[in-house]
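Here is how the chains run, residue by residue.
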Amino acid sequence: MNTLEKLLIEEISLAERERDQCEAKIKGLNQKILDYRTALNHARDSDFSLNKKARNIRFQSSPRQLVAHILKKQPEKWFHTNEITLQALKLDNQSTDNGVQRLHLQTIHSTLNHLVKHSLVEKKLEGKICYWRLQAR
């Protein structure tokens, strides 16, 4: 392999790495824009008075309504928390390119626990993994 070929291969490799870094940065910026737009929508729609509980800012729609919609489609199926959260993000028209974020998981998990307390959802533990389904009636 001659010197020119080696230099060209190195330059191609550098350009590919730079492209990959740019793509990762663009994904991060897209998520940031989405988060800001979601917050802006809530700021426009919400009354931030101290007397009222602030609306959930992680989802544009109500997490309870999202969860209910998902569980009602297949009432006999046991869903993992990640699966419900991923479907909720899609229903809420949010990007899932970066996977499921911990804060979204926490919101859905809390919502599901609230629904369990009201006997609307069943919870099953297998090891450390939670599964959920609509309360059998």
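Residues numbered from 1 in each chain as written. Predicted model: local features only at pLDDT ≥ 70, side-chain atom pairs only at ≥ 80, totals over all residues. Heavy atoms only, no water.

(A) Quick peek at the environment of Leu-115. Mapped onto the elements, Leu-115 comes out in helix H4 (residues 102–117). When near neighbours in sequence (up to four residues on either side) are disregarded, Leu-115 contacts Val-67, Leu-120 and Val-121. (Helix = DSSP H or I, 4+ residues; strand = E, 2+ residues; numbered from the N terminus. Contact = heavy atoms within 4.5 Å.)

(B) Up close: the sheet that holds strand S1 (residues 79–80). Strand order in the open sheet formed by three strands is S1-S3-S2, and the pairing between neighbours is antiparallel. Each edge of the open sheet is held by one strand with a lone partner, namely S1 and strand S2 (121–126). Both S1 and strand S3 (residues 129–134) contribute to a ladder of two bridges, which runs antiparallel. Within the sheet, the bridge partner assigned to Phe-79 lies in S3 and is Trp-132. (Pairing = 2+ DSSP bridges.)

(C) Summary view of helix H2 (residues 63–73). Every buried residue of H2 is accounted for by Pro-63, Leu-66, Val-67, Ile-70 and Leu-71. Looking straight down H2, one finds that the buried residues subtend no more than 120° of arc, so they occupy a single side. In H2, the exposed positions that point more than 90 degrees away from the buried face belong to Gln-65, Lys-72 and Lys-73. On the buried face of H2, the contacting elements are S1, helix H3 (81–91), H4, S2 and S3. (Buried < 20%, exposed > 50% of the residue type's maximum accessible area, 1.4 Å probe, protein only. Arc of directions from axis to C-beta.)

(D) Representation of the packing of H2 against H4 in the model. Look at H2 against H4: their axes get within 10 Å of each other, and the N-to-C directions meet at 75°. In this view, H2 runs roughly perpendicular relative to H4, as classed from their interaxial angle. Residues Pro-63, Arg-64, Val-67 and Leu-71 of H2 touch H4, and the partners they reach there are Thr-107, Ile-108, Thr-111, Leu-112, His-114 and Leu-115. (Axes fitted to C-alpha atoms, helices over the stretch in contact; angles between N-to-C directions. Parallel < 35°, antiparallel > 145°, perpendicular 65-115°, else oblique.)

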